[in-house]
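Given next are the chains, with one letter for each unit.
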Amino acid sequence: MISRNTRDLISVAFGGLLARKVRTILLLMGPVIGVAAIVAAVGLTDSAKGDLKAKVAQLGTNLIEAKAASSFGSQNPTLPKDAVRRAEQVETVEKVASVVQLTDIIVSPYPQAKAKYETTPIPVVGTDTRLPYVLEVPLTSGRWISKADNDNAVRAVVIGSGLSNELGYLPGESRTIDLGGKPYGVIGVLGKVELDPSLDNAAFISFASADADFVKEDILPTKLYVRSSDGTEQVTSDALRVAIALGGPKEVATEIKAEALELAAQSDRQLQLIVASMGLLAIIVGGIGIANVMSISVIQRSTEIGIRRALGHTRRTIAQQFLLEAMVVGFIGGILGVMLGAFAILVGVWLSGWTFVLQTWIPPAGVLLAMVVSIVAGLYPARRAAKLEPLETLRLG
Amino acid sequence: MTEVSSDPREPFLELTDVSRVYGDEVKVFALREVSLRIMPGDFMAIVGPSGSGKSTMLGLLGCLDLPTTGSIKIAGEEITTLDDASRTRLRGRTIGFVFQQFHLIAHLSALGNVETALLYRGLKPAERREKAMDALERVGLGPRHDHRPVQLSGGEQQRVAIARSLVTDPIIVLADEPTGALDSSNAENVMQIFESLRSNERAVVLVTHDQGVAGRADRKVSMRDGEIVADEYKVLS
């Protein structure tokens, strides 16, 4: 329940603002633009992330990567030969694929292009037959490496979607590429691996081919891709480190791929911070504008203030009147700013096909921020207004 | 001529040995040990040439200024010891102002201007509006209550100002050269309104240098060089 005097104050403040519409619009600009910028910055990055979250949910959060690590700094750490079997021992593991990252193999579309691809090497991955099944990524064309390919060490290669684009590979095309001087026939293209984009530019061959053509010693996997049952990724990840390394000198590092993806999205936060800071700056500059315009307004309205004082309005009431005007500017500016910011997010979402995300605390926080800045900005003019002496402003006698 | 100070009633406003001095190093006495009693029913004029101390007197009578020395009582209450807020509220309760330049608030209607005097008094809006309408009707501006000052003539604006000064039902109406900015017919109209305000519940004080205006008053206080040089009642014929 507001008192009658407070209601009087509100009507006087609104009356003052409505009487000078252009000035009021100018006062509103600062809070509107500032709040809109902050809301848009936070909302747009959240919406981009919201899209990512939806994507991760769709891809599954249960893909775990377990790779060989070495605390002794040896050049090419490997996993034990029976790493897949060891991983399968973990109860919550559903499926496992193993790969070996091969080094020093120059891949080029044809032998003459070797020089170029020496400087931008294409990773070659030796793999088993289960990789697409574990990654849950289908092939966009052709087929994956089969057991027969492996058994016979057929020189067959599957290329990642990015590499396919780079090489200009057409679906179904019969193409031979050069892997370390050996001709390999392209048999398929793997779809985009959202959870591990590094695979998109790789060339995949069978373990047996890798062994036959490129590796002199025993071929050992360097990395496992593991799917755990849903919700157990953390415990599975911990268990895998122990299970794979058990009883040997080898060390294993694990990574839950969905988490890594979310972590990568965190870099957007810096952009968010920059844009939000600029919005904050806009609000502060807007606040300075409010202080400025209102100070001038106090001078222009000195007669009005003198009249009010003569009529029995106290200094306190005069100060409250101006503070309330500032507060109303902040409140309305804040609301308009939130609306403008939300509109900007909608446009952004519409342009990029993200999911609209605006956390519920942001609109009230934006309005509150605008009000606080406006009230602080209104303090000085309000003080000045209250200090005016009616005798000086009314020119008596 | 009648002796004023012998009146047994309590004065509405009483100045006792009031001086108002400006400046620190070089002291200028705008008022020098002035005493004055404004009684219920007074219809008085304070006259004097410019520099006589009229304006200073007006500021002190209107409770807008404080004396350097001396005592001022309004309705028996000493104002020199009150804090600013209490003095402001006392002013709002007891004194109605009419200014030479009307001093209406430009963005408010006639009604809004009159209502401004009734703000922060705990009145319901409807109540406030009704009182303000009554005051406007009293000065003949009821039908023009929604006009803004720029839409009103000088005489009408001054009548709005008079309505504003009356709406709080003050014991003293203090007018500063109320006809100074008006042509003669509007001035006459305004003077007639002032004359109609004579009442034992109220005192009307006109501060003016216009002898014609002063001549309409029942009591004339003449000032020169910061002192009251004459205080006379009109001899009733």
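Analysis parameters
Residues numbered from 1 in each chain as written. Chains lettered and ligands numbered in written order. Predicted model: local features only at pLDDT ≥ 70, side-chain atom pairs only at ≥ 80, totals over all residues. Helix = DSSP H or I, 4+ residues; strand = E, 2+ residues; numbered from the N terminus. Rg over C-alpha atoms; globule rule 2.2 N^0.38 Å. Buried ≥ 20, exposed ≤ 12 C-beta atoms within 10 Å, placed from the backbone. Contact = placed C-beta atoms within 7 Å. Axes fitted to C-alpha atoms, helices over the stretch in contact; angles between N-to-C directions. Left-handed = near helix turned anticlockwise from the far one by under 90°. Nonpolar A, V, L, I, M, F, W, Y, C, P; charged D, E, K, R; others polar. Domains from an automatic or database assignment. Expected span 1.5 Å × (residues − 1). Pairing = 2+ DSSP bridges. Core = buried A, V, L, I, M, F, W, Y, C linked by C-beta atoms within 7 Å. pLDDT = per-residue confidence, 0-100.

*Asks:* Even after reading the chapter, I still don't get the overall build of chain B, so can you show me in this structure?
*Replies:* Each helix and strand in chain B was counted, giving 7 helices and 10 strands. Relative to its length of 237 residues, chain B is compact, with a C-alpha radius of gyration of 18 Å against a globular reference of 18 Å. A principal-axis box enclosing the C-alpha atoms of chain B has dimensions of 50 × 45 × 40 Å. Put simply, chain B has 237 residues, and 48% of those count as buried. In chain B, the share of contacts with a sequence separation of at least 24, taken over all contacts with a separation of at least 6, comes to 69%.

*Asks:* Explain the overall build of chain A to me, please; I cannot follow it from the model alone.
*Replies:* The secondary structure content of chain A amounts to 15 helices and 11 strands. Taken over the C-alpha trace, chain A has a radius of gyration of 34 Å; the compact-globule value for 397 residues is 21 Å, which it surpasses by more than 25%. With respect to the three principal axes, the spread of C-alpha positions in chain A is 115 × 50 × 35 Å.

*Asks:* Can you help me understand the packing of helix 1 (residues 4-19) of chain A against helix 13 (residues 315-352) of chain A in this one?
*Replies:* The relative placement of two packed helices comes down to the angle between their axes together with the axis-to-axis distance. All names here are of chain A. Running from amino to carboxyl end, helix 1 crosses helix 13 at an angle of 65 degrees, the nearest separation of the two axes being 9 Å. Both helix 1 and helix 13 take part in a crossing whose hand is right-handed. For the pair helix 1 and helix 13, the contacting residues are Leu9, Ile10, Val12, Ala13, Phe14, Gly16 and Leu17 in the first and Gln320, Gln321, Leu324, Glu325 and Val328 in the second. Within the contact of helix 1 with helix 13, the residues separate by chemical class into 8 nonpolar, 3 polar and 1 charged.

*Asks:* When you look at the domain arrangement of chain A in this model, what are you seeing that I'm missing?
*Replies:* Reports of interface size often rely on the accessible area that becomes lost once the parts have come together. Domain annotation for chain A reports domain 1 (4-56 + 267-393) and domain 2 (78-249). In this structure, domain 1 of chain A and domain 2 of chain A have C-alpha centres spaced 57 Å apart.

*Asks:* Quick question: what am I supposed to make of the interface of chain A and chain B here?
*Replies:* Taken together, the contact pairs 24 residues of chain A with 27 residues of chain B. Looking at side-chain class alone, the side of chain A that touches chain B contains 9 nonpolar, 8 polar and 7 charged residues.

*Asks:* Looking at this structure, how should I read helix 13 of chain A?
*Replies:* Two residues of an α-helix separated by three or four positions point the same way, owing to the 3.6 residues in each turn. End to end, helix 13 of chain A covers 55 Å across 38 residues, agreeing with the expected 56 Å (1.5 Å per residue, within 8%). Following helix 13 of chain A by one or two positions, Gly353(A) adopts a phi angle in the positive range, close to 70 degrees.

*Asks:* Before we go on, may I ask you to explain the sheet that holds strand 10 (residues 227-233) of chain B in this structure?
*Replies:* Strand pairing within a sheet occurs via backbone hydrogen bonds; the two strands may be parallel or antiparallel. Residue and element names in this part refer to chain B. The sheet built from 6 strands is open, its strands ordered 6-7-8-3-9-10 with mixed pairing. Taken across any chain shown, the strands that pair with only one partner, and hence form the sheet edges, are strand 6 (95-98) and strand 10. Direction aside, the axes of adjacent strands within the sheet are offset by 15 degrees on average. The pairing of strand 3 (residues 43-47) with strand 8 (residues 203-208) spans 5 bridges and is classified as parallel. Within strand 8, the residue paired with Phe43 across the bridge is Val204.

*Asks:* Is there a simple way to explain the sheet that holds strand 4 (residues 69-74) of chain B in this structure?
*Replies:* Residue and element names in this part refer to chain B. Here 4 strands make up an open sheet; going across it, the order is 2-1-4-5 and the pairing antiparallel. Edge positions in the sheet fall to strand 2 (28-38) and strand 5 (77-78), since each has one partner strand and no second. Sheet analysis places strand 1 (residues 13-22) next to strand 2, joined by 7 bridges and oriented antiparallel. Bridge assignment links Tyr22 to a residue of strand 2, and that residue is Val28. Sitting on the sheet, helix 1 (residues 54-61) touches strand 1, strand 2 and strand 4, and the angle it makes with strand 1 is about 125 degrees.

*Asks:* Just to check I follow, could you spell out helix 5 (residues 154-166) of chain B for this structure?
*Replies:* Residue and element names in this part refer to chain B. Under the 1.5 Å per step criterion, the end-to-end length of helix 5 is 18 Å for 13 residues, consistent within 8% with the ideal 18 Å. For helix 5, a buried count of 12 out of 13 residues is recorded, marking the element as mostly surrounded by other parts of the structure. Turning to helix 5, its buried residues number three or more, namely Gly155, Glu156, Gln157, Gln158, Arg159, Val160, Ala161, Ile162, Ala163, Arg164, Ser165 and Leu166. Its buried side turned inward, helix 5 meets strand 6, helix 3 (110-116), helix 4 (125-138), strand 7 (172-176) and helix 6 (184-196).

*Asks:* Would you take a moment to explain the pairing of strand 10 (residues 223-228) of chain A for this structure?
*Replies:* The side chains of a regular strand alternate between both faces of the sheet. Residue and element names in this part refer to chain A. In terms of residue burial, strand 10 counts as a mostly covered element, since 6 of its 6 residues are buried. Residues of strand 10 alternate between two faces, with Lys223, Tyr225 and Arg227 on one and Leu224, Val226 and Ser228 on the opposite face, all of them buried. The pairing of strand 1 (residues 63-69) with strand 10 spans 5 bridges and is classified as antiparallel. The residue of strand 10 that forms the bridge with Glu65 is Tyr225.

*Asks:* How do you make sense of the packing of helix 2 (residues 21-59) of chain A against helix 13 of chain A when you look at a structure like this?
*Replies:* All names here are of chain A. The N-to-C vectors of helix 2 and helix 13 enclose an angle of 35 degrees; their axes lie 6 Å apart at closest approach. Crossing handedness for the pair helix 2 and helix 13: right-handed. Split into classes, the residues belonging to the contact of helix 2 with helix 13 amount to 19 nonpolar, 10 polar and no charged.

*Asks:* Hey, could you run me through the pairing of strand 9 (residues 219-224) of chain B in this one?
*Replies:* All names here are of chain B. In strand 9, alternate side chains face the same way, and those of Arg219, Val221 and Met223 are buried while those of Lys220, Ser222 and Arg224 on the opposite face are not. As paired strands, strand 3 and strand 9 are joined by 4 bridges and run parallel to one another. Paired with Ala45 across the bridge in strand 9 is Lys220. Looking at chain direction, strand 9 and strand 10 are connected through 6 bridges and run antiparallel. Bridge pairing links Arg224 to Glu227 in strand 10. The antiparallel hairpin formed by strand 9 and strand 10 contains 2 residues in its connecting segment, where Asp225 sits at a positive phi of about 50 degrees.

*Asks:* Looking at this structure, I do not really get the environment of Asp128(A). What am I missing?
*Replies:* Residue and element names in this part refer to chain A. Summarising the element assignment, Asp128 is placed in the loop between strand 4 (124-127) and helix 5 (131-135). Exposure remark for Asp128: the 20 C-beta atoms within 10 Å place this residue in the buried category. For Asp128 and Phe207, which are 79 residues apart along the polypeptide, the C-alpha to C-alpha distance reads 6.3 Å. Sequence-distant contacts of Asp128, that is, excluding residues within four places in its chain, are made with Ala97, Ser98 and Phe207.

*Asks:* When you look at the nonpolar core in this model, what are you seeing that I'm missing?
*Replies:* Here is a general trend for soluble globular proteins: nonpolar side chains tend to be buried in one another's company. Among the nonpolar cores identified, the biggest contains 117 residues, and Val114(B), Ala163(B) and Val205(B) are the most heavily contacted of them. A per-element tally of this core places helix 2 of chain A first, with 13 residues. Ranked by size, the runner-up nonpolar core spans 53 residues in total, among them Val100(A), Val107(A), Ala156(A) and Leu224(A).

*Asks:* How should the environment of Gly191(A) be read in this particular structure?
*Replies:* All names here are of chain A. Take Gly191: it is sitting in the loop between strand 8 (182-190) and strand 9 (203-206). Spatially, the C-alpha atom of Gly191 lies 82 Å from that of Leu394, the residues being 203 residues apart in sequence. If we ignore the near neighbours within four places in the chain, the residues touching Gly191 are Val137, Pro138, Leu139, Thr140 and Ser161.

*Asks:* What am I meant to see in the confidence of the model for chain B here?
*Replies:* As a general rule, the predicted coordinates of low-pLDDT regions are not to be interpreted in detail. Here chain B averages 92 in pLDDT, and 96% of its residues register 70 or above. Listed scores for the predicted complex are pTM 0.72 and ipTM 0.93.

*Asks:* Would you take a moment to explain unusual backbone geometry for this structure?
*Replies:* Trans peptide bonds make up most of the peptide bonds, and negative phi angles are found at most residues other than glycine. Residue and element names in this part refer to chain B. With phi around 45 degrees, Glu33 is a residue other than glycine that occupies positive phi space. The exposure class assigned to Glu33 is partly exposed, which follows from the 15 C-beta atoms found within 10 Å. The residue Phe102 is not glycine, and still its phi comes out positive at about 65 degrees. Take Phe102: it is sitting in the loop between strand 6 and helix 3. When the 23 C-beta atoms within 10 Å are taken as the criterion, Phe102 is described as buried.

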